[in-house]
Amino acid sequence: MVILTPTEYRPQKFINLVIVMDTDHVQRLKASLHFTMGKMCEEQETKTQISFDKNVIATITEILWQKIKLIAEDLEAFAKHGKRTTINLDDVKLLVRRNEDLKAILETLGSPNSEENAKIDKRKALVKKKKTDIPPEVHLDTDDDMFV
(Lines give C-alpha, C1' and ligand atoms only; values in the text may rest on other atoms or scores of the structure.)
Protein backbone atom coordinates (compact mmCIF):
# COMPACT_ATOMS: atom_id res chain seq x y z
CA MET A 1 0.00 0.00 0.00
CA VAL A 2 1.44 3.38 -1.03
CA ILE A 3 0.39 6.41 1.02
CA LEU A 4 1.32 10.01 0.24
CA THR A 5 1.82 12.07 3.36
CA PRO A 6 2.81 15.74 3.55
CA THR A 7 5.79 16.47 5.76
CA GLU A 8 7.60 19.65 6.71
CA TYR A 9 10.93 19.98 4.93
CA ARG A 10 13.59 22.34 6.31
CA PRO A 11 13.00 25.71 7.92
CA GLN A 12 11.97 27.34 4.61
CA LYS A 13 8.53 25.76 5.11
CA PHE A 14 8.66 23.67 1.93
CA ILE A 15 6.18 20.84 1.88
CA ASN A 16 7.58 17.59 0.56
CA LEU A 17 5.36 14.63 -0.35
CA VAL A 18 7.02 11.47 0.88
CA ILE A 19 6.00 8.09 -0.44
CA VAL A 20 5.52 5.77 2.48
CA MET A 21 5.40 2.10 1.60
CA ASP A 22 4.45 -0.50 4.13
CA THR A 23 7.23 -2.88 5.11
CA ASP A 24 5.52 -5.86 3.49
CA HIS A 25 5.58 -4.17 0.09
CA VAL A 26 9.23 -3.15 0.50
CA GLN A 27 10.20 -6.66 1.59
CA ARG A 28 8.49 -8.17 -1.46
CA LEU A 29 10.29 -5.76 -3.78
CA LYS A 30 13.63 -6.52 -2.14
CA ALA A 31 12.95 -10.27 -2.36
CA SER A 32 12.16 -9.92 -6.08
CA LEU A 33 15.35 -7.96 -6.60
CA HIS A 34 17.35 -10.56 -4.64
CA PHE A 35 15.82 -13.38 -6.69
CA THR A 36 16.64 -11.62 -9.96
CA MET A 37 20.18 -10.87 -8.81
CA GLY A 38 20.60 -14.54 -7.89
CA LYS A 39 19.47 -15.61 -11.36
CA MET A 40 21.86 -13.15 -12.98
CA CYS A 41 24.73 -14.50 -10.86
CA GLU A 42 23.81 -18.09 -11.78
CA GLU A 43 23.93 -17.08 -15.44
CA GLN A 44 27.38 -15.58 -14.94
CA GLU A 45 28.51 -18.73 -13.12
CA THR A 46 27.74 -20.84 -16.17
CA LYS A 47 29.60 -18.44 -18.46
CA THR A 48 32.68 -17.84 -16.31
CA GLN A 49 32.90 -20.93 -14.06
CA ILE A 50 33.16 -18.60 -11.04
CA SER A 51 30.67 -19.13 -8.24
CA PHE A 52 29.06 -16.41 -6.14
CA ASP A 53 28.66 -16.71 -2.38
CA LYS A 54 25.17 -16.03 -1.02
CA ASN A 55 26.54 -13.13 1.06
CA VAL A 56 27.98 -11.56 -2.08
CA ILE A 57 24.60 -11.80 -3.83
CA ALA A 58 22.90 -10.23 -0.77
CA THR A 59 25.49 -7.43 -0.68
CA ILE A 60 25.12 -6.71 -4.39
CA THR A 61 21.34 -6.68 -3.95
CA GLU A 62 21.56 -4.17 -1.09
CA ILE A 63 23.91 -1.91 -3.06
CA LEU A 64 21.55 -2.05 -6.03
CA TRP A 65 18.54 -1.29 -3.79
CA GLN A 66 20.26 1.80 -2.36
CA LYS A 67 21.24 2.96 -5.86
CA ILE A 68 17.66 2.55 -7.10
CA LYS A 69 16.39 4.64 -4.18
CA LEU A 70 18.96 7.35 -4.93
CA ILE A 71 18.02 7.42 -8.62
CA ALA A 72 14.33 7.67 -7.76
CA GLU A 73 14.99 10.58 -5.38
CA ASP A 74 17.10 12.37 -8.01
CA LEU A 75 14.45 11.94 -10.70
CA GLU A 76 11.79 13.22 -8.32
CA ALA A 77 13.94 16.26 -7.47
CA PHE A 78 14.53 17.03 -11.16
CA ALA A 79 10.80 16.89 -11.88
CA LYS A 80 9.98 19.09 -8.88
CA HIS A 81 12.64 21.59 -9.96
CA GLY A 82 10.90 21.71 -13.34
CA LYS A 83 7.62 22.35 -11.49
CA ARG A 84 6.19 19.08 -12.78
CA THR A 85 4.54 16.17 -11.02
CA THR A 86 5.51 13.64 -13.69
CA ILE A 87 9.04 12.40 -14.38
CA ASN A 88 9.79 12.59 -18.08
CA LEU A 89 12.61 11.75 -20.48
CA ASP A 90 14.30 15.10 -19.86
CA ASP A 91 14.72 14.16 -16.19
CA VAL A 92 16.31 10.86 -17.14
CA LYS A 93 18.62 12.65 -19.60
CA LEU A 94 19.65 14.97 -16.80
CA LEU A 95 20.33 11.97 -14.57
CA VAL A 96 22.64 10.29 -17.11
CA ARG A 97 24.32 13.48 -18.34
CA ARG A 98 27.80 12.28 -17.26
CA ASN A 99 27.48 8.85 -18.90
CA GLU A 100 28.09 9.50 -22.58
CA ASP A 101 26.96 6.02 -23.72
CA LEU A 102 23.60 6.18 -21.94
CA LYS A 103 23.17 9.79 -23.00
CA ALA A 104 23.66 8.82 -26.66
CA ILE A 105 21.09 6.01 -26.36
CA LEU A 106 18.55 8.37 -24.82
CA GLU A 107 19.19 11.00 -27.50
CA THR A 108 18.37 8.44 -30.21
CA LEU A 109 15.13 7.52 -28.45
CA GLY A 110 13.98 11.11 -28.32
CA SER A 111 10.77 12.22 -26.78
CA PRO A 112 7.49 11.84 -28.66
CA ASN A 113 6.43 15.16 -27.18
CA SER A 114 9.73 16.95 -27.77
CA GLU A 115 8.44 18.84 -30.83
CA GLU A 116 5.28 19.78 -28.99
CA ASN A 117 7.29 20.87 -25.94
CA ALA A 118 9.57 22.95 -28.19
CA LYS A 119 6.54 24.76 -29.63
CA ILE A 120 5.22 25.45 -26.13
CA ASP A 121 8.64 26.72 -25.02
CA LYS A 122 8.81 29.05 -28.05
CA ARG A 123 5.35 30.42 -27.25
CA LYS A 124 6.31 30.99 -23.63
CA ALA A 125 9.50 32.76 -24.73
CA LEU A 126 7.54 35.03 -27.09
CA VAL A 127 5.07 35.97 -24.36
CA LYS A 128 7.91 36.68 -21.95
CA LYS A 129 9.73 38.76 -24.58
CA LYS A 130 6.60 40.79 -25.30
CA LYS A 131 6.20 41.50 -21.62
CA THR A 132 9.79 42.71 -21.28
CA ASP A 133 9.74 44.75 -24.54
CA ILE A 134 7.02 47.08 -23.27
CA PRO A 135 8.80 50.05 -21.72
CA PRO A 136 7.43 51.21 -18.41
CA GLU A 137 5.63 54.50 -18.44
CA VAL A 138 7.69 57.31 -16.98
CA HIS A 139 5.91 59.98 -15.02
CA LEU A 140 7.88 63.09 -14.25
CA ASP A 141 6.58 65.36 -11.60
CA THR A 142 7.51 68.89 -12.60
CA ASP A 143 6.13 70.47 -9.50
CA ASP A 144 7.91 73.80 -9.02
CA ASP A 145 7.85 73.38 -5.24
CA MET A 146 10.55 70.76 -5.51
CA PHE A 147 13.08 73.19 -6.97
CA VAL A 148 12.64 76.00 -4.48
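As a reminder, the structure under discussion sits directly above these lines.
Residues numbered from 1 in each chain as written. Predicted model: local features only at pLDDT ≥ 70, side-chain atom pairs only at ≥ 80, totals over all residues. Heavy atoms only, no water.

With that settled, consider the pattern of salt bridges. Counted by the stated rule, this structure contains 7 salt bridges. K30 serves as the salt-bridge partner of E62, at 3.9 Å between the closest nitrogen and oxygen. A residue pair is termed long-range when its members are at least 10 positions apart, and E62 in helix α2 (residues 54-81) and K30 in helix α1 (residues 23-48) qualify at 32 residues. By relative accessible area, E62 is classed as partly exposed at 35%. The partly exposed category is assigned to K30, whose relative accessible area is 26%. A salt bridge links K47 to E43, with the shortest nitrogen-to-oxygen separation between them at 3.7 Å. Of this pair, K47 and E43 both sit in helix α1, separated by 4 residues, roughly a single helical turn. Taking the relative accessible area as the measure of exposure, K47 reaches 57% and is therefore exposed. (Salt bridge = Lys/Arg side-chain N within 4 Å of Asp/Glu carboxyl O. Helix = DSSP H or I, 4+ residues; strand = E, 2+ residues; numbered from the N terminus. Buried < 20%, exposed > 50% of the residue type's maximum accessible area, 1.4 Å probe, protein only.)

A cluster of nonpolar side chains, L102, I105 and L109, forms an exposed patch at the surface whose accessible area comes to about 300 Å². Topologically, I105 is positioned in helix α4 (residues 100-109). (Patch = residues over 30% accessible without salt bridge, like charges linked within 9 Å, V, L, I, M, F, W, Y side chains within 5 Å. Areas by Shrake-Rupley, 256 points an atom, 1.4 Å probe, with all protein chains shown as cover.)

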